[in-house]
Amino acid sequence: MLKSETLTATRSMLILTVFGTVVVSLGIMVLGQLVDKKLESVMILHDYFTVFAVMSGAGFIGLLAFSSERQQGAVNMLKILSIAAAASVFLIDLTGTIGYIEYRLPDPDSAKSKIRQTFPFAHEPMFESMEYMGLLGPMWAGLIAYLAWHYNDRMFTDRAVKSVLMVMISLAIMYALFISLMGIVPTKIASVQG
């Protein structure tokens, strides 16, 4: 593929990704407003961005591991995936903060009160640790995005850079899945027990 075709394809993919994410986000918010489930729609977005970040990381690893070296389209796609994952992680924290405010209400009917009544273990070590561990995610994702842009095509030619990026992203995915589990158990599983 020619360089101009590669850049056009990369721009198209970036535009489609951003456009698709905006459409999905707005659609979920509008549906939440229509059925009077505003907080639930924000938390669905929270889940959507979590899956999007994990899948962006998995795509980054797959592309880095299996793409041929010095292919400019692959380098550009890795940069896009790194920015998409970093933006998703920031949006995860933003939507999680909105849910956190509602969760923490001192009302006896709040999610926190219900979870503490039905399954106290789910709140104390799990949800409490998830709240604070999630703060590291934007810094980690930002560092990976910076490294992807800084090292450019050296991600394919320098074995050390490639290995470090793959390990960092693998650990980031495991970290995200662990944090997700810490949030899923209290909000989904424990609340069903009550």
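A brief look at the structure comes next. (Residues numbered from 1 in each chain as written. Predicted model: local features only at pLDDT ≥ 70, side-chain atom pairs only at ≥ 80, totals over all residues. Heavy atoms only, no water.)

With respect to the overall build of the protein
- Across its full length, the protein carries eight helices and zero strands.
- Helices (α) and strands (β) of the protein occur, in sequence order from the N terminus, as α-α-α-α-α-α-α-α.
- Counting only residues that meet the buried cut, the protein has 38% of its 194 residues in that class.
- For the protein, the exposed area adds up to about 11300 Å²; of that, 72% sits on carbon and sulfur atoms. (Helix = DSSP H or I, 4+ residues; strand = E, 2+ residues; numbered from the N terminus. Buried < 20%, exposed > 50% of the residue type's maximum accessible area, 1.4 Å probe, protein only. Areas by Shrake-Rupley, 256 points an atom, 1.4 Å probe, with all protein chains shown as cover.)

Re unusual backbone geometry
- Even without glycine at this site, N152 takes up a positive phi of about 45°.
- For N152, the position within the fold is in the loop between helix 6 (137-151) and helix 7 (154-157).
- For N152, a relative accessible area of 27% gives the class partly exposed.

Side note on the packing of helix 3 (residues 72-103) against helix 6
- Packing of helix 3 against helix 6 brings their axes to within 9 Å, and their N-to-C directions diverge by 165°. The angle between helix 3 and helix 6 falls in the class roughly antiparallel. Pair helix 3 / helix 6 crosses with left-handed handedness. In this structure, helix 3 contributes K79, S82, I83, A85, A86, V89, F90 and D93 to the contact, and helix 6 contributes G137, P138, A141, G142, I144, A145, A148 and W149.
- In the contact of helix 3 with helix 6, the residues fall into 11 nonpolar, three polar and two charged. (Axes fitted to C-alpha atoms, helices over the stretch in contact; angles between N-to-C directions. Parallel < 35°, antiparallel > 145°, perpendicular 65-115°, else oblique. Left-handed = near helix turned anticlockwise from the far one by under 90°. Contact = heavy atoms within 4.5 Å. Nonpolar A, V, L, I, M, F, W, Y, C, P; charged D, E, K, R; others polar.)

Describing the nonpolar core
- Among the nonpolar cores identified, the biggest contains 20 residues, and F60, L64, M155 and L165 are the most heavily contacted of them.
- Of all the elements in the fold, those that place two or more residues in this core are helix 2 (38-66), helix 3, helix 6, helix 7 and helix 8 (159-193).
- If we skip the residues at most four places from it in the chain, L165 touches F60, L64, I144, L147 and M155.
- Counting 10 residues, the second largest nonpolar core, distinct from the first, contains I115, M126, F127 and V185. (Core = buried A, V, L, I, M, F, W, Y, C linked by side-chain atoms within 4.5 Å.)

What about the pattern of salt bridges?
- Taken as a whole and judged by the stated rule, the model has one salt bridge.
- Residues R154 and D158 are paired through a salt bridge, measuring 3.1 Å at the closest nitrogen-oxygen approach.
- When its relative accessible area of 25% is taken as the criterion, D158 is described as partly exposed. (Salt bridge = Lys/Arg side-chain N within 4 Å of Asp/Glu carboxyl O.)

Side note on the packing of aromatic side chains
- A complete count under the given rule lists three aromatic pairs for this structure.
- Site record: aromatic cluster; members linked through ring pairs are Y48, F49 and F52. (Phe/Tyr/Trp six-rings, centres within 6.5 Å; stacked < 30°, edge-to-face > 60°.)

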